[in-house]
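Observations on the model geometry
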2 protein chains.
Amino acid sequence: MRRPSSKLADVAKLAGVSVATASKALNDRKEVAPSTRLRVREAAQQLAFVHNRQARSLSTGRTGIVGLLTSDLEGRFSLPILMGAEDAFGAEQTSILLSDARGDAVREARHLDTFVQQRIDALMVVGSRTDPRRSLGSSYDFPIVYVYTPSESSADCSLTIDNVDAGFKVAEHLAMTGRRRVLHITGPLGDTAAMDRARGIDAFIAESDASLRLGHRTNYGEWSERWGRSAALMAIGQGVEFDAVICDSDQIARGALDAFAARGITVPDEAAVASFDNWELLVADASPPITSVDMKLAELGRQAARLLTDAIGGTPLPAGVHETNASLVVRGSTLR
Amino acid sequence: MRRPSSKLADVAKLAGVSVATASKALNDRKEVAPSTRLRVREAAQQLAFVHNRQARSLSTGRTGIVGLLTSDLEGRFSLPILMGAEDAFGAEQTSILLSDARGDAVREARHLDTFVQQRIDALMVVGSRTDPRRSLGSSYDFPIVYVYTPSESSADCSLTIDNVDAGFKVAEHLAMTGRRRVLHITGPLGDTAAMDRARGIDAFIAESDASLRLGHRTNYGEWSERWGRSAALMAIGQGVEFDAVICDSDQIARGALDAFAARGITVPDEAAVASFDNWELLVADASPPITSVDMKLAELGRQAARLLTDAIGGTPLPAGVHETNASLVVRGSTLR
DNA sequence: CTGTTAGCGCATTCAG
DNA sequence: CTGAATGCGCTAACAG
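Residues numbered from 1 in each chain as written. Chains lettered and ligands numbered in written order. Predicted model: local features only at pLDDT ≥ 70, side-chain atom pairs only at ≥ 80, totals over all residues.

**Description of the protein's contact with DNA strand D**
Selection rule: Nearness here is judged by the C-beta atom: place it from the backbone, and if it falls within 6 Å of a molecule or strand, the residue counts as near that partner. Numbering goes from the N terminus for both helices and strands, where a helix is a DSSP run of H or I of at least four residues and a strand is a run of E of at least two.
Near DNA strand D lie 26 residues; those nearest to it are A:Ser18, A:Ala20, B:Lys7, B:Leu8 and B:Ala20. For the surface near DNA strand D, the secondary-structure elements that each account for two or more residues are helix H2 (19-26) and helix H4 (53-60) of chain A together with helix H1 (8-15), helix H2 (19-26) and helix H4 (53-60) of chain B. Among the elements that line the surface near DNA strand D, the one with the most residues is H4(B), at five residues.

Laid out in structure tokens, this is it:
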């Protein structure tokens, strides 16, 4: 029951006005004389007055809190999204209530419950895969945006990345730089991201003229460095011919790079290596540095924040899945 | 001004009791007849009633919100700490308001301000280095714990890792497994973590009997894979003799490993490699997997949460810097 | 055991 | 332009 800081009443008293006037003055409403506004301001300053948002939200109905529900805080995805969102919200003075369900439905339900208790103004649901997730439905009375992992309901608003386009871009880059035979090392078969990218590669092949046409072969596996290494070794062992490798994550690429080094295959001369995620940590200091697709996650977070801000203001959220194009960051691993 | 969900008054009416009784019933207070408690419960259930924390906190003085102020969300440190804390706070009771100052003092001040406005119950200040940071002072009316990065004021409560002990442990492990000449590749000279670990190594040497005594040489540089690689190459080029390398981060170790592979030095046979951070991503799938010191960050977060929970309950925070011992996770890079 | 009465701190009518 | 009154949803005394 701690109640230390000064309240509006204190400010009002010191300024010699009523609480109502003080409130108006501090909230920059027109109906206050400039002189009194100043007096109130000074009083507030002097008392180090800080609005009590709990109290304020009780009367305004807004908390200034946005919930962020994630399933993989540890992973590569949530964080950049979160930071982008924080940026975009920052201006509006909204803060982010964080919770990590860790892929557990029970946990998720509990966290959602606290969100409701806290009367959050809006919710961002972030996932680490592009496979659609169960919708939270429309029974919540705050706007919800799904980021990266889209909702399976088309009535919801989802923001994600166009992996087909991303695959296309990588294939294009490799073809343009003279590669012709591509080994595609990816995640699990059935994983949307993996399959979309493969489709993107195919799409490029279909569209490109004969001189740029490349052959490719896709190996499904798992999202790990270990898999990248063994897939590369396997291909070498089987005598598969290739002059380029597309790895569906930077981790996979690191594994592949390692395998090539061990087998004396030089990168980028004998084989180009390109990957997805553009995780600086893994990609920038690799030898050679790895060309990688940046998923623009922070941008996704910013977009989500903007949409939600608007939604709080009354603009309805645009339903459906909205895809953003990723962009290729070229580094030494594909340039000979 | 959205006001959708049912309120306590609705529940009370439906249950045929007063609001006060309904409140008591839902809060599991003794002074309510079991039968009425049940009736109220059912009414609440039926109306899908959810407490409004804003309102509640207005009368209790507690918000159930803990602030987390970090300077490097992206980095390796904040996240595990955050997750540990989330665990310990238990989602039902406390939620975490997140903010990343990104090393910017202005941003930090702004975020602190919103924290105050939100009337958080407690604050966790997390940093990514072990060099002390400026104290936030004692003018805030909520308890503050500094995690990983300690406060420079001994009046504050800080939780961090004992890097001297960590350095000691690594040296001990290497000596016990038969290594005698250690190359220590670390971060910037002046960085507390780097220097503490060097001291730990020295401490081990001083304490150990002659048969285990090892020689070592410390190279200060930066916290990057690139530096690990070049430091290793440099040592090799200069003909420095060593049969073990201690890298002060997993990233540095990856660089060193890479350099050894390039120069045909086998790990662990010709040289052992050990590092700090135990970042699964970097360490588990390396070839060979890297022995690394786990900083127990999640545990640090849990401890902080417990201390803060107690502090909210009235127990004063223990002032001073409290160090936790890290633990060594042994993998293939040091076992021949 | 239960209900009545008072606030918690602020924003918002609506008279003056 | 200003202020007195009212309510946001809930908990905390205090009577009954």
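**Some details on the relation of the copies chain A and chain B**
Cut-off, in case you're wondering: Fitting of the copies onto one another was done by least squares over C-alpha atoms, counting residues only where both copies have pLDDT of at least 70. Each residue is represented by a C-beta atom placed from its backbone, and any two residues with such atoms within 7 Å are regarded as in contact.
Take chain A, turn it by 180°, move it 0.0 Å along the axis, and it overlays chain B with an RMSD of 0.2 Å. What the rotation and shift describe, once combined, is the action of a two-fold rotation axis. Interface residue correspondence from chain A to chain B reaches 93%, placing this contact among same-surface, isologous pairings.

**A word on the interface of chain A and chain B**
The line we're drawing: Amino acids outside the nonpolar list (Ala, Val, Leu, Ile, Met, Phe, Trp, Tyr, Cys, Pro) and the charged list (Asp, Glu, Lys, Arg) are all regarded as polar, and Gly is one of them. Note on pairing: DSSP must find at least two bridges between two strands before they are called paired.
Facing the 45 residues of chain A at the interface are 44 residues of chain B. Breaking the side of chain A that touches chain B down by element, the ones donating at least two residues are H4, helix H5 (78-90), strand S2 (95-100), helix H6 (105-117), helix H9 (225-237) and helix H10 (250-263) of chain A. Looking at side-chain class alone, the side of chain A that touches chain B contains 13 nonpolar, 18 polar and 14 charged residues. Strand direction decides the pairing type here: S2(A) and strand S2 (residues 95-100) of chain B, joined by three bridges, are antiparallel. By the bridge assignment, A:Leu98 is partnered in S2(B) with B:Ile96.

**Brief notes about the packing of helix H7 (residues 163-176) of chain B against helix H8 (residues 192-207) of chain B**
Residues and elements named next belong to chain B. The test is simple: Angles here are taken between N-to-C directions and fall from 0 to 180 degrees, while the axes themselves are lines fitted to C-alpha atoms, restricted in helices to the stretch in contact. Each angle gets one of four labels, with under 35 degrees taken as roughly parallel, over 145 as roughly antiparallel, 65 to 115 as roughly perpendicular, and the rest as oblique. Helix crossings are classified by the rotation of the near helix relative to the far one: an anticlockwise turn of less than a right angle makes the crossing left-handed, while a clockwise turn makes it right-handed.
Where H7 contacts H8, the axes come no closer than 6 Å and their chain directions differ by 50°. Taken together, the axis directions place H7 and H8 in an arrangement best described as oblique. Considering the relative orientation of H7 and H8, their crossing is right-handed. Along its contact with H7, which presents Asn163, Val164, Asp165, Ala166, Gly167, Phe168, Ala171 and Glu172, the element H8 presents Ala193, Asp196, Arg197, Ala198, Arg199, Gly200, Ile201, Ala203, Phe204 and Ile205. For the contact of H7 with H8, the residue count by class is ten nonpolar, three polar and five charged.

**Focus on the environment of A:Ile290**
Residue and element names in this part refer to chain A. Heads up, the condition is: Every C-beta atom is placed from the backbone, and the number of other C-beta atoms within 10 Å of a residue's own sets its class: buried at 20 or more, exposed at 12 or fewer, partly exposed in between.
Tracing the backbone through its elements, the reader meets Ile290 in the loop between helix H11 (280-283) and strand S10 (291-294). Classification of Ile290 as buried rests on a count of 30 C-beta atoms within 10 Å. Separated by 18 residues in sequence, Ile290 and Ala272 have C-alpha atoms that sit 9.2 Å apart. Not counting residues within four places of it along the chain, the set of residues in contact with Ile290 comprises Asp250, Ala253, Val273, Ser275, Val283, Arg331 and Ser333.

**Describing unusual backbone geometry**
All names here are of chain A. Omega for the peptide link from Val267 to Pro268 comes to 10°, which places this bond in the cis form. Note on placement: Pro268 falls in the loop between H10 and strand S9 (272-276). Backbone geometry places Ala48, a non-glycine residue, at a positive phi of 55°. Along the chain, Ala48 turns up in the loop between helix H3 (34-47) and H4. Its identity is not glycine, yet Arg102 carries a phi of approximately 50°, on the positive side. The residue Arg102 is located in the loop between S2 and H6 in this model.

**Regarding the packing of H1(B) against H2(B)**
Residues and elements named next belong to chain B. At a closest axis distance of 8 Å, the pairing of H1 and H2 adopts a crossing angle of 100°. Classified by the angle between their axes, H1 and H2 sit roughly perpendicular to one another. Of the residues in H2, those touching H1 at Leu8, Ala9, Val11, Ala12 and Ala15 are Val19, Thr21, Ala22 and Ser23. Its residues assigned to classes, the contact of H1 with H2 comprises seven nonpolar, two polar and no charged.

**A short note on the protein's contact with DNA strand C**
Taken together, 27 residues surround DNA strand C, and among them A:Lys7, A:Leu8, A:Ala20, A:Ser23 and B:Ala20 come closest. Elements represented by at least two residues in the surface near DNA strand C include exactly helix H1 (8-15), H2 and H4 of chain A together with H2 and H4 of chain B. Grouping the amino acids of the surface near DNA strand C by side-chain chemistry returns twelve nonpolar, ten polar and five charged.

**Focus: H10(A)**
Every α-helical turn comprises 3.6 residues, leaving residues that sit three or four positions apart pointing alike. Residue and element names in this part refer to chain A. Basically, it comes down to this: To estimate how far a helix should reach, multiply one less than its number of residues by 1.5 Å.
For H10, which comprises 14 residues, the first-to-last C-alpha distance of 20 Å matches the rise-based estimate of 20 Å (1.5 Å per residue) to within 8%. Buried residues in H10 make contact with strand S6 (181-186), H9, strand S8 (244-247), S9, H11 and S10. One or two positions beyond H10, positive phi appears at Gly264, with a value near 75°.

**Points about the environment of B:Gly67**
Residues and elements named next belong to chain B. Secondary-structure assignment places Gly67 in strand S1 (residues 65-70). Gly67 sits in the buried class, given 24 other C-beta atoms within 10 Å. Between the C-alpha atom of Gly67 and that of Gln54, which follows or precedes it by 13 residues, the distance is 16 Å. In this structure Gly67 touches Leu97, Phe115, Ile120 and Leu123, once residues within four positions along its chain are discounted.

This is a description of form; function is not addressed.
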